[in-house]
Amino acid sequence: MNATMTPPAGPDATPPPRRRHRPKITVPRVLLGLVVAASFALWAVALLRVGVKAPPDTLTDPAFAAAAEPVCAAAVVDLEALPHASTAKTPEERAATLELANTRLTQMVAELRTIAPMGAPDSPTINAWLADWDTYLGDRAEYTTLLAQGETAQFQVTPRDNQTITKPMDNLAVVNGMLSCQTPGDVG
């Protein structure tokens, strides 16, 4: 008899382990993979850039906003110390309070001008915003004059592009983190 025996094949027999078939790495496959990856990366960057676009009126240098916020915050504290519009018994009394508020806001704008950058990329935007403040202060002064004459006038703000001038003023303040530099709601 033969001395070497093969094990019987049966239900208890385990098959030999299979070798996994790995695809060949070839130059065309590598190039195709690189093209797909580059295409994906290009679209990802393009889509991310669109989503990160800064709002209009965002200043490129945050230095002015950082310096302006405390200036405006101090003015807000002073305005809040004045009597509220609803406490005035006559238009003349209201005019006297508004005159104090207008003087304080005029000081605030003058101080903002001293910290505004000269010749910087943000200068035109900041100067236009300060010019809008001048217009707004003129509107307040006209209203105060009418009240001082005893008239019960309604406060009118200069319009621009089918909205009040205060909308773009407040927008610039908000998008740049100068929340205290929004136009005050003290006129009433």
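Let me begin by describing the structure that accompanies this report. Along each chain, the written sequence defines residue order, and numbers are assigned to residues from 1. Two thresholds apply to this predicted model, a pLDDT of at least 70 for residue-level local features and 80 or more for giving and counting side-chain atom pairs, whereas whole-chain, interface and lining totals are computed over all residues. The basis for every side-chain value is the complete set of non-hydrogen atoms in the structure, without hydrogens or water.

### Here we look at the overall build of the protein chain
- Secondary structure counts use DSSP, requiring at least four H or I residues in a row for a helix and at least two E residues in a row for a strand, with both numbered from the N terminus. Per the secondary structure count, the protein chain includes 5 helices and 2 strands.
- Listing the helices and strands of the protein chain from first to last along the sequence gives α-α-α-α-β-β-α.
- Only protein chains enter the calculation, and the probe is 1.4 Å; a residue is then buried if its accessible area is under 20% of its type maximum, exposed if over 50%, and partly exposed in between. Here the protein chain holds 188 residues, and the buried ones make up 27% of them.
- By the convention used here, residues are in contact when the closest approach between their heavy atoms is within 4.5 Å. The long-range fraction of contacts in the protein chain, counting pairs at least 24 apart against all pairs at least 6 apart in sequence, stands at 71%.
- Of the accessible surface of the protein chain, which amounts to about 13,300 Å², a share of 63% is contributed by carbon and sulfur atoms. Only the protein chains shown count as covering a residue, and every accessible area follows the Shrake-Rupley method with a 1.4 Å probe.

### Focus: the nonpolar core
- If you look at the biggest cluster of nonpolar residues, it comprises 32 residues, and the most contacted ones within it are Phe64, Met108, Leu112, Trp129, Trp133 and Met178.
- Residue assignment for this core shows that the elements contributing at least two residues are helix H2 (63–80), helix H3 (91–115), helix H4 (123–148) and helix H5 (166–175).
- Counting residues per element, this core draws most heavily on H4, at 8 residues.
- When near neighbours in sequence (up to four residues on either side) are disregarded, Met108 contacts Val71, Cys72, Ala75 and Trp133. Residues belong to a common nonpolar core when they are buried Ala, Val, Leu, Ile, Met, Phe, Trp, Tyr or Cys residues joined through side-chain atoms within 4.5 Å.

### Focus on the state of the cysteines
- Any two cysteine sulfur atoms lying within 2.5 Å of each other are counted as a disulfide. Summed over all chains, the structure comprises 1 disulfide.
- A sulfur-sulfur distance of 2.0 Å marks the disulfide that ties Cys72 to Cys181. Every disulfide takes its handedness from the sign of the S-S torsion; for Cys72 and Cys181 that torsion is 95 degrees, giving right-handed. With a gap of 109 residues between them, Cys72 in helix H2 and Cys181 in the segment after H5 connect regions that are remote in the sequence. For the pair Cys72 and Cys181, one class covers both residues: buried.

### Re the pattern of salt bridges
- Salt bridges are defined as contacts in which a side-chain nitrogen from Lys or Arg sits within 4 Å of a carboxyl oxygen from Asp or Glu. For the coordinates displayed, the defined rule picks out 4 salt bridges.
- The partner of Arg104 in a salt bridge is Asp78, with the nearest N and O atoms 2.6 Å apart. One end of the pair, Arg104, is in helix H3; the other, Asp78, is in helix H2, with 26 residues separating them in the sequence.
- On the basis of relative accessibility, which here comes to 37%, the residue Asp78 falls in the partly exposed class.
- Put simply, Asp132 and Arg160 hold a salt bridge, and the shortest N to O gap is 2.4 Å. With a gap of 28 residues between them, Asp132 in helix H4 and Arg160 in strand E1 (residues 159–160) connect regions that are remote in the sequence.
- Given a relative accessible area of 13%, Asp132 falls into the buried group.

### Here we look at the packing of aromatic side chains
- Centres within 6.5 Å are what make two rings of Phe, Tyr or Trp a pair, Trp counting through its six-membered ring; a difference in plane orientation under 30 degrees is then read as stacked, over 60 as edge-to-face, and the rest as tilted. By the definition in use, this model includes 5 aromatic pairs.
- Ring centres 6.3 Å apart and planes at 85 degrees place the aromatic pair Phe64 and Trp129 in the edge-to-face group. With Phe64 in helix H2 and Trp129 in helix H4, the pair connects residues that are 65 residues apart, well separated along the chain. Each member of the pair Phe64 and Trp129 is classed as buried.
- For Trp129, a relative accessible area of 2% corresponds to the buried category.
- Ring pairs connect the aromatic residues Phe64, Trp129, Trp133, Tyr136, Tyr143 and Phe155, which therefore count as one cluster.

### Looking at H5
- Restricting attention to buried positions, one finds in H5 the residues Thr166, Pro168, Met169, Asp170, Leu172 and Ala173.
- Structurally, H5 contributes buried residues whose contacts are with H4, E1 and strand E2 (163–164).
- The first or second residue beyond H5 is Gly177, which carries a positive phi of 70 degrees.

### A short note on unusual backbone geometry
- Backbone geometry at Asp161 places phi at a positive 55 degrees, although glycine is not the residue there.
- Structurally, the position occupied by Asp161 is in the loop between E1 and E2.
- Of note, Asn162 is a non-glycine position whose phi angle comes to about 60 degrees, a positive value.
- Position of Asn162 relative to the elements: it lies in the loop between E1 and E2.
- By relative accessible area, Asn162 is classed as exposed at 86%.

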